[in-house]
Amino acid sequence: MDDDDADYMQGSDDEDYGFAYSDDDDADEAGSADVENMYYTAKSKKEDNPEQALKEFRAIVEKEEEKGDWGFKALKQSTKLLFLTLHRPADALKTYTELLTYTKSAVTRNYAEKTINSILDYVGGSKSGPVEVDILERFYEATKAALAEAKNDARRLSAKTNLKLAKLWLDRKEYGRLQKILNELYRSTIGENADDQAQKGTQLLEIYALEIQMHNERKNYKKLKEIYNASNSVRSAIPHPRIMGVIKECGGKMWMGERQWNRASEDFFDSFKNYDEAGSPQRIQVLKYLVLANMLTGSEVNPFDSQETKPYKNDPQIKAMTDLVDAYQRREVHAAEKILRENKTTIMDDPFIKQYIGELLRSLRTQYLIDLIKPYTRLELSFLAKQLNVDNEEVEELLIGLILEGKVEGRIDQVAMRLELEPNLQKKRYSALEKWSAALDSIHTSVLAKNHSGRGDFGFGMPGESIA
């Protein structure tokens, strides 16, 4: 028994969409067995002779006087053959449209829903090669038209169908079509009963996850932030962890754009945990973003010290980022640059990471520069440039930033192209000595004053004596 038949067997106990289902108890047993044999005979020819299998599946549909489960299964197999094997999507659409008429009476709600979802999954995928957008849209329109006849009874499946269509348009960057479906989805959440608040909240988060990805790809950060804030306000929901992974990932990217590294790090960590729970491969990419954001915060805490991330520390795709963290924490700017050069595929090929590598290297060079100049009072800019492996202009820019921020006390002699540091440590020592000396003087004066006061009261003689 393959997956198709397993779905059919498992789906028999679920509730229906309110359709009146027929049971075949009164059907002729011999005729039913004959149709069943025809079905499995046709199915056995799918790989070796798909055209012949297609003809035999059609014979099953025509043999049934009333629409039944074997005809439904034959149409399901025909649709799959035409779309995935024979690459005739227009013909597959015809058999699929015919199959949808069977959902009214021939099969259970659960089996119908699983079949529709299965077909829409491979129709929206890329296994069959390029398919015209109009053909794809007609698959979904046919589904929605069939479900509209069931009205409220098929609302859940109708929402799922629209979500699948929205995901299809997002993947194909058909943003105009996507926005139209999103508007329809938002309308479907209006007027829900109080008992459906959890379902409404869950559906809203699914819609937000799609829209926030669209705004992220279009770099519309104002709308992205609106959707992000709206998703945080949803309280009653039981979303799939993958949905929250998407929302938090886009939130992290938003905070990165605003240079709020700590908030970005928090959202990337939440996103990673959700993707990890969902078993999504996107967890690896988001873990890279988490490491990047953590380094930009300047934190000394290693992101791989947490129990959630530790298992991925030696993952081949993460190893380069692990080495980068080690180099960053040791302030080894040259080692970091070497890691970036040698791991372009795992680090630099990601456009988002590449966008912030300059910021990361600037932070690392700044820390390296502070450590480098500590023992000196005067340094040539050319010497510093050589140590950092950058030009004089970049060194000067870094030093100006450090001086303005108060991290370095000194000035740049632009004529001599030299950094002159104030003898800060010596000045502080003299200042401390002066304060100490002043304190000693104060104590000495106070002691003398007290002694002087004591001599005034008692003199040098014995009590009661007078000197003649």
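Residues numbered from 1 in each chain as written. Predicted model: local features only at pLDDT ≥ 70, side-chain atom pairs only at ≥ 80, totals over all residues. Heavy atoms only, no water.

It is worth spelling out the overall build of the protein chain at this point. Looking only at helices and strands, one finds 21 helices and three strands in the protein chain. Counting across all 468 residues of the protein chain, residues that qualify as buried make up 43%. Across the protein chain, contacts joining residues at least 24 apart in sequence account for 63% of those joining residues at least 6 apart. (Helix = DSSP H or I, 4+ residues; strand = E, 2+ residues; numbered from the N terminus. Buried < 20%, exposed > 50% of the residue type's maximum accessible area, 1.4 Å probe, protein only. Contact = heavy atoms within 4.5 Å.)

This brings us to a nonpolar patch on the surface. A cluster of nonpolar residues, Trp436, Leu440, Ile443 and Val447, forms a patch on the protein surface that exposes about 420 Å² of accessible area. Topologically, Leu440 is positioned in helix α21 (residues 424–458). You can call Leu440 partly exposed: its relative accessible area is 42%. (Patch = residues over 30% accessible without salt bridge, like charges linked within 9 Å, V, L, I, M, F, W, Y side chains within 5 Å. Areas by Shrake-Rupley, 256 points an atom, 1.4 Å probe, with all protein chains shown as cover. Salt bridge = Lys/Arg side-chain N within 4 Å of Asp/Glu carboxyl O.)

Once that is clear, we can look at helix α6 (residues 109–124). Over its 16 residues, α6 extends 22 Å from the first C-alpha to the last, a length consistent with the 22 Å expected when each residue adds 1.5 Å. Among the 16 residues of α6, twelve are classified as buried, and the element is accordingly described as predominantly covered. Among the residues of α6, Arg109, Asn110, Tyr111, Ala112, Glu113, Thr115, Ile116, Asn117, Ile119, Leu120, Tyr122 and Val123 are the ones counted as buried. (Expected span 1.5 Å × (residues − 1).)

This part covers the side chain of Gln77. With respect to the helices, strands and loops of the structure, Gln77 is situated in helix α4 (residues 69–85). The exposure class assigned to Gln77 is buried, which follows from its relative accessible area of 1%. Within polar-contact distance, the side chain of Gln77 engages the side chain of Tyr39 at 3.3 Å. (Polar contact = N/O pair within 3.5 Å; in protein donor to acceptor, adjacent residues only side chain to side chain.)

The next point concerns the pairing of strand β3 (residues 418–421). By the bridge criterion, three bridges tie strand β1 (residues 378–380) to β3 in an arrangement that is antiparallel. Paired with Arg378 across the strands is Glu420, a residue of β3. The pairing of strand β2 (residues 410–413) with β3 spans four bridges and is antiparallel. Residue Gly410 lies in a different strand from β3, and its bridge partner there is Leu421. Between β2 and β3, which pair antiparallel one after the other, the connecting turn spans four residues, and Met417 there sits at a positive phi close to 55 degrees. (Pairing = 2+ DSSP bridges.)

Below, the discussion takes up the pattern of salt bridges. As enumerated under the stated definition, the model contains 29 salt bridges in all. Where Asp134 meets Arg177, a salt bridge forms, and the shortest distance between an N and an O atom there is 3.7 Å. With Asp134 in helix α7 (residues 133–148) and Arg177 in helix α9 (residues 175–188), this pair connects stretches of sequence that are 43 residues apart. Judged by its relative accessible area of 46%, Asp134 is partly exposed.

For the protein chain, the mean per-residue pLDDT works out to 81, and 83% of the residues sit at or above 70. Note that pLDDT drops below 50 for residues 8–24; the model gives that stretch 33 contacts with residues more than four away or on any other chain. (pLDDT = per-residue confidence, 0-100.)

Backbone hydrogen bonds hold the strands of a sheet together, and the pairing may be parallel or antiparallel. Taking strand neighbours across the sheet as the criterion, the three strands line up as β1-β3-β2 in an open arrangement whose pairing is antiparallel. The open sheet terminates on both sides in strands that have one partner only, identified here as β1 and β2. Between one strand axis and the next, the sheet turns by 20 degrees as a mean value, whatever way the strands run. Lying over the sheet, helix α19 (residues 381–388) contacts β1, β2 and β3, oriented at roughly 70 degrees with respect to β1. Packed on one face of the sheet, helix α20 (residues 392–404) meets β2 and β3 and runs near 150 degrees to β2. (Axes fitted to C-alpha atoms, helices over the stretch in contact; angles between N-to-C directions.)

Bringing helix α14 (residues 282–296) into the picture now. Here α14 is 15 residues long and its end C-alpha atoms lie 21 Å apart, about the 21 Å a rise of 1.5 Å per residue gives. Of all 15 residues in α14, twelve are buried; the element is thus mostly enclosed. What α14 keeps buried is the set Ile284, Val286, Leu287, Lys288, Tyr289, Leu290, Val291, Leu292, Ala293, Asn294, Met295 and Leu296. Taken together, the buried residues of α14 touch α12 (241–257), α13 (261–278), α15 (319–329), α17 (344–348) and α18 (351–373). Looking one or two residues beyond α14, the residue adopting positive phi is Gly298, at roughly 80 degrees.

Met256, Phe268, Leu384 and Leu419 are the most contacted members of the largest nonpolar core, which totals 73 residues. If near-sequence neighbours (up to four positions away) are discounted, Leu419 is found in contact with Ile373, Thr377, Arg378, Leu379, Leu381, Leu384, Leu399, Ile403, Arg411 and Ile412. Residues Val61, Ala92, Ala112 and Leu170 belong to the second largest nonpolar core, which totals 54 residues. (Core = buried A, V, L, I, M, F, W, Y, C linked by side-chain atoms within 4.5 Å.)

Right, let's talk about the packing of α18 against α19 for a bit. Viewed as axis vectors pointing N to C, α18 and α19 meet at an angle of 130 degrees, and their least axial separation amounts to 11 Å. Here α18 lies oblique to α19, going by the angle between them. Crossing of α18 over α19 shows right-handed handedness. On the side of α18, the interface is formed by Arg365, Tyr368, Leu369, Leu372 and Ile373, while α19 contributes Leu384, Gln387 and Leu388. Considered class by class, the residues forming the contact of α18 with α19 number six nonpolar, one polar and one charged. (Parallel < 35°, antiparallel > 145°, perpendicular 65-115°, else oblique. Left-handed = near helix turned anticlockwise from the far one by under 90°. Nonpolar A, V, L, I, M, F, W, Y, C, P; charged D, E, K, R; others polar.)

A few words now on the layout of surface pockets. Each pocket or cavity is described by its volume, and for the largest pocket that value is around 590 Å³. Lys160, Leu163, Lys164, Glu206 and Arg242 are, among the 23 residues lining the largest pocket, the residues nearest its centre. For the lining of the largest pocket, the elements supplying multiple residues, two or more each, are α6, α8 (155–171), α10 (197–217) and α12. A total of eight residues in the lining of the largest pocket trace back to one element, the largest contributor, which is α8. Residues that form the lining of the largest pocket fall into these classes: nine nonpolar, six polar and eight charged. (1 Å grid on protein atoms, 1.4 Å probe; cavity = no way out; pocket = protein on both sides within 12 Å on 5 of 7 lines; lining within 4 Å. Points joined across faces, edges and corners; volume = space filled by probe spheres on them.)

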